[in-house]
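# Overview (structure and organization)
Listed below, chain by chain, are the residues.
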Amino acid sequence: MRETRDRHLGPWLRPLAAVAILCVCATTAGSTFAPGSQASAGPEPFIRAATRALAHGRPAEAEALARGRPAGDPDAAAVLARLAVRRGEYAEAGRLLEPAAKSDPEGEAALELGLHYQRQGRGDEAAQVLSRVFRQGGADPEALFRAARAAHALGRARDANALYRAASSGGSNPAVETAWGTLFLESRSKDGLPEALRSFRQAIEADARWAPAHAGVARTLVEEDPPAAAAAAARALEIDRDLAEAHLLLAGLELDNTRYDSAREQIEGVLAVNPNHLDARALLGAMAYVRDDRTAFEAEVSRMFEVNPAFGEAYRVAADLSARHYRFDEAVALTRKAIAVDPSNARAFADLGMHLMRTGDEAEARRALDRAFKDNPFDVVTFNLLGLLDTLDKFEVIRDGDIVMKLHPEDAPVLREYALPLAHQALEQLSAAYEFRPTGPILIEIFQQHDDFAVRNLGLPGLKGALGACFGRVVSMDSPRARPPGTFSWQATLWHELAHVITLQMSSQRVPRWLTEGVSVHEEGRARAVWGRDMEVPFAIALERGQVLKLRDLNSGFTKPDTIALAYYQASLLVDHIVKTHGAAALRALLRTYGEGVEGDAAIAKGLGVSIDQLQASFDKSLDARFASLRAALREQDKGGSDDLESLRATAAARPHSYRAQLALGAALASQGDKAAFMPLEKAAALVPMATGENSPNALMGRLAEELGDAPRALRAYEALLAHDHAAIEPARRLAALAAKAGNTDALALAYDRIVEIDPFDADGHTGLGRLALERKDAATATREFIVALAIGPPDRAAAHCDLGESHLLAGRRAEAKRQALAALEIAPSYERAQELLLKSLDAKEGSTGAPTGALPGAGR
């Protein structure tokens, strides 16, 4: 994924109907019954105290409290059963719960028995027991909370929400808030994440040592802010070192960074306490699957099915982890297995829809999502994806060879002329460079609304930093209209994503994040030098400050908001280094090595013939050489003096090789309109020629030169700026205006090319390029540009029709030229240029070329 710089997908550990949370944090003060007795008021302190002990990570204390209860006490049996579940002693839990639930069929033990049956895959029995708890009478908070948890486990989200609200009315109860937060988190409803976070934080406010609430915070933040999620999980483990949910979340984060050994340590921490923990076994099996150890995966599946024959999560979690590793076809197959095992799993149908969209099978995805929506109409991801498919149904579909392109109807007349040829060019060049022809068709969808792009990829709006995404055979991205012109290069984004097509398929979807992103940014720079330069200065500063990532940590840099841009550029530098040091063939070999299932250090050794430590050493040396002068120019020094002009002059004189000193003086002088600014600004530009932005040396010089009427200097400054800034739309427009006045056709062509590249919906840019093409007798280019200009809607449509007619006449298409002349005359019957074009089209023979009319191109009516 190209970001500004691929956030990944949503959480992939779904506790069984909230069992993982509820078994730990249930705090109801439910009544204690002996056979034939009535409820008494005394037991409330015991249940609260035992549950608090569990939530605080003190199971021995909870057990002591339960052992101190009278024989046959159902609530004591419920607590002892929770402890048995915590240890994986499920048969013991059943032995404790069944008689206790029989004596109190609406109490705590009955609730635990229903959850126990669910854990074993005994759905009908679970529903019977839980339904009785759910329908119990009574309005006291404890009974309401028990009913809420039963409704939650039964999948009755609306009823559970109402009951949790009622149960919380008596005051903030950390158990209620934690369970309620879990409901919101699992619902994937529109307000689910913020409401979940609010509930978990209220639980922590009520009891700062409520470990399950800290784990809930971690789960809520895991996609938005992985470091904060890790911190919350670590806090939960400080309180309860055996809390499975926290361990598994940290394991998931380690897997995101392909740190398999660390992930296994976290999982084994859970299994040491409970060897039969289903979610831990599911994640362990998923890890075996993505590492191509099918024997270990099947062994884990068998072990899970011994506990719960209907545990479809055994396959769904493996599918989700496979999708995180770009293996979407496998994710589809695994999710289908999950559904075959458990057809009631709405989340599996929703996941299947998402995975199918990533393989490009949108028709089948709709069927899966329709089923998921029927089972869970509150799932906002499913709702959004179905809406997105409705939107795509209205897109224009262009099929050309191995490319299927879907464009918004308003964008299609323009982008079909630019995006489609660029996509073909990229795939041809990249296929040749990597000696690999990707499997098609390649589906490319370009979205006019950024939130549509975000929903296409994640099921949710937002994803503010991303520009494009690739899933192997599917590419999605923002249209040039999705963002203000000048904020990104859509062409660079398309090229970047199509490079992912090559690396993902070439590696059998097993390429690590650092390599696929590094290759994509590397290939941007090879395609257009200007595309790969926007991070040179920030990277040099990071290098100077010692903030560059080590190669072993490079993958993790993509998961942290403060390092992701650095990780993209550093990965591209590493790919550059590999190609320069070991050759392009070695890079291809490395990609194929990952495709063979070789991982980590072993892949580097096999693909490149060096260890990762040797690669680190040579890479460090290359960075030192490449960035030495730039680092020196950007080196931070004591500021010294003040900001008055004389102090700035003194500092610049004392530090002739300091970019900051020269730029500060130049900017100060330029703000006063003083031509003396050119000297320090030219020095600054020489020191850091790739500096970009409106306050860069060349931008300042261009504006100052215009103010002073020095058009040649302004032209030079803007051309220098555009050589390094691929998204500088306003300087390109300034250059066009200056070049037109000066009659400088080379500068004018550069300016119009850049304007159209950045903003293909600029009609003036297309008109300008078309007229330059007419002067060069390039009929094909002129025709394309004038067709696009007309599709956009130029202010002078009559002139635009004449422009297009003249390009047809130049190409010998007399009938088309006549048609355009008549269209112009329909708008302006007395337009002389159109009348002359009509006469020429009538005089010329079909197929012969004709010179443009005598009227100046663009002359008014």
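One structure accompanies this document, and this report is about it.

Cut-offs applied
Residues numbered from 1 in each chain as written. Predicted model: local features only at pLDDT ≥ 70, side-chain atom pairs only at ≥ 80, totals over all residues. Heavy atoms only, no water. Helix = DSSP H or I, 4+ residues; strand = E, 2+ residues; numbered from the N terminus. Buried < 20%, exposed > 50% of the residue type's maximum accessible area, 1.4 Å probe, protein only. Areas by Shrake-Rupley, 256 points an atom, 1.4 Å probe, with all protein chains shown as cover. Lys, Arg positive; Asp, Glu negative; His and termini not counted. Charge placed at Lys NZ, Arg CZ, Asp CG, Glu CD. Phe/Tyr/Trp six-rings, centres within 6.5 Å; stacked < 30°, edge-to-face > 60°. Expected span 1.5 Å × (residues − 1). Salt bridge = Lys/Arg side-chain N within 4 Å of Asp/Glu carboxyl O. Pairing = 2+ DSSP bridges. Contact = heavy atoms within 4.5 Å. Axes fitted to C-alpha atoms, helices over the stretch in contact; angles between N-to-C directions. Parallel < 35°, antiparallel > 145°, perpendicular 65-115°, else oblique. Left-handed = near helix turned anticlockwise from the far one by under 90°. Core = buried A, V, L, I, M, F, W, Y, C linked by side-chain atoms within 4.5 Å.

### Here we look at the overall build of the chain
- The helix and strand inventory of the chain stands at 43 helices and 6 strands.
- With respect to the principal axes defined by its C-alpha atoms, the chain has extents near 110 × 70 × 55 Å.
- A buried classification covers 58% of the 861 residues belonging to the chain.
- Per element, the accessible surface of the chain, about 33600 Å² overall, is 52% carbon and sulfur.
- Here the chain carries 101 positive and 117 negative side-chain charges, and the mean point of each set is 1 Å from the other.

### Section: the packing of aromatic side chains
- As enumerated under the stated definition, the model contains 12 aromatic pairs in all.
- Arranged with centres 6.1 Å apart and planes meeting at 65°, the rings of F305 and Y315 form a pair that is edge-to-face. One end of the pair, F305, is in helix 17 (residues 294-307); the other, Y315, is in helix 18 (residues 313-324), with 10 residues separating them in the sequence.
- For F305, a relative accessible area of 22% translates into the label partly exposed.

### Some words on the environment of D753
- Turning to its location among the elements, D753 is positioned in helix 38 (residues 745-758).
- Here the alpha-carbon distance between D753 and G765, two residues 12 residues apart in the chain, equals 7.7 Å.

### Examining helix 4 (residues 74-86)
- Under the 1.5 Å per step criterion, the end-to-end length of helix 4 is 18 Å for 13 residues, consistent within 8% with the ideal 18 Å.
- Within helix 4, 13 of the 13 residues are buried, leaving the element largely enclosed by the surrounding structure.

### Considering the pattern of salt bridges
- For the coordinates displayed, the defined rule picks out 69 salt bridges.
- A salt bridge links E63 to R67, with the shortest nitrogen-to-oxygen separation between them at 3.3 Å. In this pair, E63 and R67 are both assigned in helix 3 (residues 59-67), 4 residues apart and thus about one turn of the helix distant.
- Residues D256 and R324 are paired through a salt bridge, measuring 2.8 Å at the closest nitrogen-oxygen approach. Here D256, found in helix 14 (residues 244-256), pairs with R324, found in helix 18; they are 68 residues apart in sequence, far enough to count as distant.
- Judged by relative accessible area, which is 28%, D256 ranks as partly exposed.
- Residues joined in a network through salt bridges with shared partners are R82, E108, E112, R146 and R149.

### Here we look at the pairing of strand 6 (residues 474-478)
- Summarising burial for strand 6: 5 of the 5 residues are buried, a large majority.
- Burial along strand 6 is two-sided: the face carrying V474, S476 and D478 and the face carrying V475 and M477 are both buried.
- Of the strand pairs in this sheet, strand 4 (residues 442-447) and strand 6 are connected by 5 bridges, and their pairing is parallel. Looking at strand 6, one finds that F447 is bridged to D478.
- Two elements, strand 5 (residues 466-470) and strand 6, share 3 bridges in a ladder whose sense is antiparallel. Note that in strand 6 the partner of C470 across the bridge is V475.
- Hairpin geometry of strand 5 and strand 6 is characterised by an intervening segment of 3 residues between the two adjacent antiparallel strands and by a positive phi of about 110° at G472.

### Regarding the side chain of H522
- As for its position among the elements, H522 is in helix 26 (residues 513-527).
- The exposure class of H522 is buried, given its relative accessible area of 10%.
- Residues in contact with H522, not counting those within four places in the same chain, are Y434, S572, V575, D576 and V579.

### A look at the packing of helix 10 (residues 174-187) against helix 11 (residues 192-206)
- For the pair helix 10 and helix 11, interaxial distance at closest approach is 8 Å and the crossing angle is 165°. Viewed along their axes, helix 10 and helix 11 adopt a mutual orientation that is roughly antiparallel. Taken as a pair, helix 10 and helix 11 cross one another with a handedness that is left-handed. Residues P174, E177, T178, W180, G181, T182, F184, L185 and S187 of helix 10 form the contact with helix 11, whose participating residues are G192, L193, E195, A196, S199, F200, Q202, A203 and A206.

### Describing the nonpolar core
- The biggest cluster of nonpolar side chains holds 270 residues, and the ones touching the most others in it are I444, L498, W514 and L515.
- Sorting elements by how many residues they give to this core places helix 23 (residues 412-434) first, with 12 residues.
- Leaving out residues up to four positions away in the same chain, I444 has contacts with I403, V404, M405, K406, A423, V475, L494 and L498.
- Counting residues in each nonpolar core, the second largest holds 13 residues, with C802, A824, A834 and L837 among its members.

### Quick notes on unusual backbone geometry
- With omega at 0°, the peptide bond leading from G440 into P441 counts as cis.
- As for its position among the elements, P441 is in the loop between helix 23 and strand 4.
- Not every positive phi belongs to a glycine, and D292 is a case in point at roughly 65°.
- With respect to the helices and strands, the residue D292 is situated in the loop between helix 16 (278-290) and helix 17.
- Classification of D292 by relative accessible area gives partly exposed; the value is 31%.
- The backbone phi angle of Y326 is positive, close to 70°, even though this residue is not glycine.
- The topology assignment puts Y326 in the loop between helix 18 and helix 19 (328-341).

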